[in-house]
Amino acid sequence: MRLRAALAATVGGALALAAGLAGAANAEAICTHDLRVLAQPRDGLTLLEKYKDEFKKLSGASFDIDYLNENDRRAKSRADASTVGKYNVYYIDEANVALFAKSKWIVPLLDYYPKEYDYADFDPGRQKVATFEDKVYFAPLTGGGDLLVYRKDLLDKAGIPVPKTLDEMIAAVKKLNDPDHGVYGIALRGQRGSGANVWRWMPYFRGFGGKWFDGDTPVFDGEPAVKATQVYLDLFKYSPPGTKTGSWDESTGAFLSGQVALLVESTPLAGEAIDPKVSKVVGKVGYAPPPTPLTGGGYAHGLAIAAKGNKDDAAKKCAGLFIAWATSKENEKRRLDDGEFGELNRTSIMTSDEFNQKFGADLGQALAATAKVTAVNFWQDPEWPNLGDHWGIELEELVTGTRTDIKGALDELNTYAKTLVANRK
Amino acid sequence: MKIRTHLPIVFTVPTMAVLAVLAFVPTVDAVNIALQNRELSNPDSVYVGFANFRALFSDARFLNSVWVSVEWELITVIATMAVAIPLAILMFEAISPKLRNALCVLFMVPVLLPRVSAAFVWRFAFHPLFGLAVYPLRLITGHPIDLLADPHTAMATVAIVDVWQWGLLFAVVIVKLLETLPRQPLEAALLDHARTWEVYAYVAMPMLRGALISLVFVKMIESLRAFDLIYVMTRGGPGITTETLDMYAFSQGFIESGRISYASSMAVLMMIATTVAFTILWRRVRRWQEA
């Protein structure tokens, strides 16, 4: 018995040491209540839930995660944060961090983030997205840019080299589109939303030289936006049915089931494409940076400390500890071991030998190449979701054909943008 | 007449009090918020009178959503009754009582299903590539058809799910009503050489007039609450073709801009409009029934 206890203590001690946890964290219970977390479904979080006991040992309390899909999660967290404040931790993304920070619905993270968890280890691009007015607000759970993901077998068969420019890509899409044999040239997102159709449209807009605002004056209503929209709508002729009102799930789903030749999508697709659990195209997929002049859509999602849900400093500390633990090196290592490519955010993990072994050198190279063209495409402002969602609806109307006048739609958005700026107090 | 007991008061007062609190407080609050300029992201607000209401009438999306709501109301109420009545007559005429009872149980299943789950199941069934419901269409035309993304078919497709839930239930109700009718008038009509459809059109249905009108009212109220169904299946899309008033209000309040005062003003208008419309309809119908 004593031997077992001694063994347990040694193993426990070694684990604690390896985890780099301060002894103080173990000494007293930091949390008094179970934490409530509002998030959107992520494999990394599902995996995390298996280690509830570990967190309980560390903090003295457990946690419960409620999941809602992206649009609903945004709506719910906004409603919760501005009214009752039931949740201790919110899942935040690039589109709403400015709004949440400005409205003081979340508090600066690093005030409550234990130093030993090494925030500086996160990918610098994601740190930048998590920062608003020089303060860090969330610890990333996912993020990245865009990749051109293509079917090597289809391109080889048609004798098409990997497209390096947008014109080459459009030509390839047209050539590879063969719906009678169940293959579509490309997959896009048509569903409304600043993080849905607008997200995929923005690389064209920014790539053609478009800008959202010049100071407080909207300047997006010009040639680049019209051209970007025209190209986007033209490409939609080669996108599978279901994507006109679909988003990430529908377009990557079509690709993973083998119905799409190529697409430009957010980097986590690369990990899914090689996962036999979800992909029918394992071994047939290649990666490249987005064709020029498209800019990669830099993004990050992560966990932030709720202001209203955590009444005092002790509660905020508890939430901070949870976030630090959830995004710790150890938990990222677990995600790496589980093959969850899209859930990795730490430089130390992404440059490890194990990462290279697991995902191959091509992907590493493509990621390095795409990092160079990754940009913040959206308007970094609390009003962005408002403007972006408004444009999302107009874009959905254009995609589905209930509206045809591109310039008219942009003019309308321009008027809307002006009222947004004018309403600022 | 002299009241011999206080029982009616004892029973009604507590319920009415609870009802008053439950209905009155949110209503007053909604009106109060509608007269301000509150936004979720801004704790300060001032009273702006009827500015929100005035803004609504120059908002093309609001006017669109009013029209969509009216359209949705008409389509679902008419289609539900158009499915329920013939189906009930068919069951009553052609099927043995035993089988009829079994079918009645079966027909109640859709409405027992939570609306959100039903909506998810059907949304998948209408998926252009994998959906079971559109598979025959795909075989016939040779092309995948995306009914929910086509502005011409989206509303009708969502309405199918609504009718699937309520039309079948109403058929069960009407069958049960038909079973309660006295046989004599129907037999008398048959003796007068009335054809089967004439028996139902001129004898049975007029006898059920009051019940059928109640069903129409129930469905009208129910159709106003189709938010969950539409939200899951189309989110008001494609574009704004299925964006009903409640969808738009929710969207303004919580999804897009957090303008809850603006959203509240829509809710208040909707409440006034439905109250007025229902009162007028109710009076008309009563006069017509008494005539």
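Residues numbered from 1 in each chain as written. Chains lettered and ligands numbered in written order. Predicted model: local features only at pLDDT ≥ 70, side-chain atom pairs only at ≥ 80, totals over all residues.

## A closer look at the overall build of chain A
For chain A, the helix and strand inventory stands at 20 helices and 15 strands. For chain A, whose C-alpha radius of gyration is 23 Å, the value lies close to the compact-globule estimate of 22 Å for 425 residues. Projected onto its principal axes, the C-alpha positions of chain A cover 75 × 55 × 30 Å. The burial tally for chain A puts 52% of its 425 residues in the buried class. Taking the contacts inside chain A whose residues are at least 6 apart along the sequence as the reference set, 75% of them involve residues at least 24 apart. (Helix = DSSP H or I, 4+ residues; strand = E, 2+ residues; numbered from the N terminus. Rg over C-alpha atoms; globule rule 2.2 N^0.38 Å. Buried ≥ 20, exposed ≤ 12 C-beta atoms within 10 Å, placed from the backbone. Contact = placed C-beta atoms within 7 Å.)

## Digging into helix 4 (residues 52-59) of chain A
All names here are of chain A. Considered for burial, the residues of helix 4 that qualify are Phe-55, Leu-58 and Ser-59. Buried residues along helix 4 cover an arc of 75° about the axis, so they all sit on one side. Gly-60, located one to two residues past helix 4, shows a positive phi value of around 95°. (Arc of directions from axis to C-beta.)

## Topic: the sheet that holds strand 8 (residues 146-151) of chain A
All names here are of chain A. Overall, antiparallel pairing links the three strands, which are arranged 11-8-12 in an open sheet. With one partner strand each, in any of the chains shown, strand 11 (262-266) and strand 12 (285-288) form the two edges of the open sheet. Within this sheet the neighbouring strands show an average axis-to-axis angle of 30°, counted without direction. Of the strands in this sheet, strand 8 and strand 12 are in contact with helix 18 (residues 361-373), which crosses strand 12 at around 30°. (Pairing = 2+ DSSP bridges. Axes fitted to C-alpha atoms, helices over the stretch in contact; angles between N-to-C directions.)

## Thoughts on the environment of A:Ile30
Residue and element names in this part refer to chain A. The topology assignment puts Ile-30 in the loop between helix 2 (23-27) and strand 1 (35-39). Here the alpha-carbon distance between Ile-30 and Glu-343, two residues 313 residues apart in the chain, equals 27 Å. Excluding anything up to four places from it in sequence, Ile-30 contacts Ser-59, Gly-60, Lys-317, Cys-318 and Leu-321.

## Points about the nonpolar core
Counting 116 residues, the largest nonpolar core has A:Val89, A:Ile106, A:Tyr137, A:Val149, A:Ala304, A:Phe322 and A:Ile323 as the members making the most contacts within it. The dominant element in this core, judged by the number of residues it contributes, is helix 14 (residues 313-326) of chain A, at nine residues. Ignoring anything within four residues of it in the chain, the contact list for A:Ile323 reads A:Val89, A:Leu109, A:Tyr113, A:Ala139, A:Leu303 and A:Ile305. Judged by nonpolar contacts, the second largest core, of 56 residues, contains B:Met91, B:Val163, B:Leu215 and B:Phe254. (Core = buried A, V, L, I, M, F, W, Y, C linked by C-beta atoms within 7 Å.)

## Regarding the pairing of strand 7 (residues 139-144) of chain A
Residue and element names in this part refer to chain A. With respect to burial, strand 7 is a largely interior element, six of its six residues being buried. Pairing between strand 7 and strand 14 (residues 299-306): five bridges, direction antiparallel. Residue Ala-139 lies in a different strand from strand 14, and its bridge partner there is Leu-303.

## Let's talk about the confidence of the model for chain B
Residues and elements named next belong to chain B. With 99% of its residues at a pLDDT of at least 70, chain B reaches an overall mean of 90. Helix 7 (residues 154-180) holds the highest mean pLDDT among the elements of chain B, 95, whereas helix 6 (residues 135-141) holds the lowest, 86. In the predicted assembly, ipTM is 0.78 and pTM is 0.80. (pLDDT = per-residue confidence, 0-100.)

## Describing the interface of chain B and chain A
Every contact between the two is made by 21 residues of chain B and, on the other side, 24 residues of chain A. When grouped by side-chain class, the residues that make up the side of chain B that touches chain A number 11 nonpolar, seven polar and three charged. (Nonpolar A, V, L, I, M, F, W, Y, C, P; charged D, E, K, R; others polar.)

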